[in-house]
Amino acid sequence: MNILIIGSGGREHCLAWKISRSRLVDKLFAIPGNAGISQIARCENISYSKENFKDILQFIEKNGIDLTVVGPEAPLVDGIVDYLSKKGHLVFGPGQMAAQIEGSKVFTKKLCMNYNIPTAKAEFFNKSESDKAVAYIKGLKEREFPYVIKADGLASGKGVIIAQNKEELLSALNSFFIENKFGKSGENIVIEEFISGFEVSLLCLCDGKILIPLDLAQDYKKIFDGDNGKNTGGMGSYSPLPFIDEILYEKILNKIVLPTFNALKTKKIDYKGVLYAGIIVKENEPYLLEYNCRFGDPETQAVLPRLKNDIVPVLVDCVKGSLKSTKLKWDDEKTVCVVLASKGYPETSSKGDIISGLEEVASQKGVFVFHGGTENEEGKIVTNGGRVLNVVAKADTFKEARILNYETIKKINFNGMQFRKDIALRVEETL
Ligand code: GLY
């Protein structure tokens, strides 16, 4: 089979790596890819914005692509799966209606409220209701803060603000409705209670009829150790999660994920692709924080190296609605993924800084280096974004995986490289 991957991050490099190991693959392509992906796939620099879908279609037809795997949320929300499927192509990912689960926070929150899926209580406002939103905020009790304000639409992970008091919430509201900081995405907002607890990511493969959960992972969203500083796209992850017992796991599945999947079916939305549930656990009870309509980044980088199956037939089964007979098999080994980010991230990102040490670590046993923001400049691999590299180590224990990971990182360098030192530290002593 000829397979095309759409996207350019660590998630897509990991998917490309996993797909490249399939016995079914003849040729692997990526749009647009990055310097790491280009070592295993032919990359073509086409944008995946909506106005370029026709160029992607042309590429698929010219290169005899049998399966397209869409990584990022934006083309999914823009309907790339519907567009290419209507032309007769096999595409992994949800259609536009289903992708609303990530593309509209209002849609998802209302779905949860209508189907009794546990989540934070929320109110909804649109731009024309600014006065109503101000009055609502003024009526809140200071002792009940923090509150969270979210843009309805996609905002590259920046559309969520946690406000510690009324003043901060009013100022956040201004940034949506007056300053238009989030454009159209922020014209509708959700204001919800803040739930404190620990987060887990459960990614499920769906074929429209059934879903199969992947092993759990945990993501580190804050830039600094100890969960301090600004939110990022994700600074690290690990898998599996030893502290989630069967009772809690069943609650996540039966109170949140399955009711959502079934609620979508009731609405005649057959969800195919990855349904990613971002869960927060408070006092042993799970609540839905958000859904994503795609593989998580950097969760994918921790999860897929532990998957024993050939991934290609599994992806095809998702698209064709034939997941029923699939059984996923997992390595007992543990993975730890640490993101190496550029100086100034998440506010800024870097371009053109030479990355050293990649060749030395390339052949290291139990280590995978998945590229995110990198590009090839006259034969040298240089930075090209905020989250530059994902170093993944796999070992019998989390402790060994952490040691292997941080020893590997010592060999890699680029100007202003920053990373967290506490990824998987909380599970280091578990087996
Ligand atoms: N790890 C967070 C995300 O993929 O959105």
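These notes cover the structure that comes with them. Since the structure is predicted, the reported quantities are computational estimates derived from the model, not experimental observations. (Residues numbered from 1 in each chain as written. Predicted model: local features only at pLDDT ≥ 70, side-chain atom pairs only at ≥ 80, totals over all residues. Heavy atoms only, no water.)

Taking 1.5 Å per residue, 21 residues should reach 30 Å; helix α9 (residues 246-266) reaches 28 Å between its end C-alpha atoms and fits that length. Considering bend angle alone, the principal kink of α9 is centred on L253 and spans about 30°. Every buried residue belonging to α9 is among L248, K251, I252, L253, I256, V257, T260, F261, A263 and L264, and all of these are buried. Looking at the packing, one finds that the buried side of α9 touches α5 (96-103), α6 (105-114), β10 (198-207), β11 (211-213), β16 (272-282) and β17 (285-292). The backbone nitrogen of I247 has a side-chain oxygen 3.2 Å away, supplied by the residue at the start of α9, namely D245. Backbone geometry just downstream of α9 places K268 in the positive-phi region, at approximately 65°. (Helix = DSSP H or I, 4+ residues; strand = E, 2+ residues; numbered from the N terminus. Expected span 1.5 Å × (residues − 1). Bend = angle between axes of the 7 residues up to and from the residue. Buried < 20%, exposed > 50% of the residue type's maximum accessible area, 1.4 Å probe, protein only. Contact = heavy atoms within 4.5 Å. Polar contact = N/O pair within 3.5 Å; in protein donor to acceptor, adjacent residues only side chain to side chain.)

Another point: the nonpolar core. Core analysis: the largest hydrophobic core is formed by 77 residues, its most contacted members being V257 and L340. It is α9 that provides the largest number of residues to this core, a total of eight residues. Formed by 41 residues, the second largest nonpolar core is a distinct cluster that contains I37, F295, V316 and F370. (Core = buried A, V, L, I, M, F, W, Y, C linked by side-chain atoms within 4.5 Å.)

In this section: the sheet that holds strand β22 (residues 380-385). Pairing is antiparallel across the open sheet formed by three strands, whose spatial order is β19-β22-β21. The two strands at the open ends of the sheet, each matched to only one other strand, are β19 (350-354) and β21 (374-377). Going from strand to strand, the sheet's axes swing by 30° on average, the running direction of each strand aside. Summarising the sheet, β21 and β22 pair through four bridges and their orientation is antiparallel. When the sheet's bridge partners are listed, N376 is paired in β22 with I381. (Pairing = 2+ DSSP bridges. Axes fitted to C-alpha atoms, helices over the stretch in contact; angles between N-to-C directions.)

At their nearest, the axes of helix α7 (residues 130-138) and helix α8 (residues 166-177) sit 10 Å apart, and the two run at 165° to each other. In terms of orientation, α7 and α8 fall into the roughly antiparallel class. As for the relative orientation of α7 and α8, their crossing is right-handed in sense. In contact with S130, A133, V134, I137 and K138 of α7, α8 contributes K166, L169, L170, L173 and F177. Its residues assigned to classes, the contact of α7 with α8 shows seven nonpolar, one polar and two charged. (Parallel < 35°, antiparallel > 145°, perpendicular 65-115°, else oblique. Left-handed = near helix turned anticlockwise from the far one by under 90°. Nonpolar A, V, L, I, M, F, W, Y, C, P; charged D, E, K, R; others polar.)

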